[in-house]
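In case you want the letters, here they are:
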Amino acid sequence: MDATALGSLLVGAGAVAGAAVAFLGKRGETALNGYSSLTDNLQEERDRLDRKVSEQAAERAADQAEIARLRALVTHLGGTP
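Remember, predicted model here, so these are calculated numbers, not experimental data. (Residues numbered from 1 in each chain as written. Predicted model: local features only at pLDDT ≥ 70, side-chain atom pairs only at ≥ 80, totals over all residues. Heavy atoms only, no water.)

Summing up its helical and strand segments, the protein chain has one helix and zero strands in all. In terms of its C-alpha atoms, the protein chain occupies a principal-axis envelope of roughly 115 × 15 × 5 Å. Looking at the protein chain as a whole, 0% of its 81 residues qualify as buried. Taken as a whole, the protein chain presents about 6900 Å² of accessible surface, with 63% of it coming from carbon and sulfur. A distance of 7 Å separates the average location of the 9 positive side-chain charges in the protein chain from that of its 11 negative side-chain charges. (Helix = DSSP H or I, 4+ residues; strand = E, 2+ residues; numbered from the N terminus. Buried < 20%, exposed > 50% of the residue type's maximum accessible area, 1.4 Å probe, protein only. Areas by Shrake-Rupley, 256 points an atom, 1.4 Å probe, with all protein chains shown as cover. Lys, Arg positive; Asp, Glu negative; His and termini not counted. Charge placed at Lys NZ, Arg CZ, Asp CG, Glu CD.)

Glancing now at a nonpolar patch on the surface. Among the surface-exposed residues, L6, L9 and L10 lie close enough to one another that they form a single nonpolar patch of about 300 Å² accessible area. Among the secondary structure elements, L9 is positioned in helix 1 (residues 3–76). Of the residues examined, L9 reaches a relative accessible area of 51% and is grouped as exposed. (Patch = residues over 30% accessible without salt bridge, like charges linked within 9 Å, V, L, I, M, F, W, Y side chains within 5 Å. Salt bridge = Lys/Arg side-chain N within 4 Å of Asp/Glu carboxyl O.)

Before going further, it helps to examine the pattern of salt bridges. Pairs can form between side chains of opposite charge once their charged atoms are near each other. On inspection of all chains with the given rule, the structure shows two salt bridges. Of the charged contacts, one joins E66 and R69 as a salt bridge, the two residues approaching to 2.8 Å between their closest N and O atoms. Taken together, the residues E66 and R69, both in helix 1 and three residues apart, mark about one turn of the helix. Given a relative accessible area of 36%, E66 falls into the partly exposed group.

In short, geometric facts, not functional conclusions.
What follows is the structure, given as structure tokens:
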């Protein structure tokens, strides 16, 4: 095998290796983007659920205040709550 053939073989092997590295790098980039997107979606869902829980807590506090007011009114009118 002369030097030209060996050089061509090495260039071909280098091209195949470069293509493999580029392919694997692109797969890794795609996976990282998918993971980032999933993380963003989970954080948005968590924030939405936190707001919902806060709203429900506020509604419960308002309901409890109304119940206390009505109990006091019933007692004031001579009834038993």
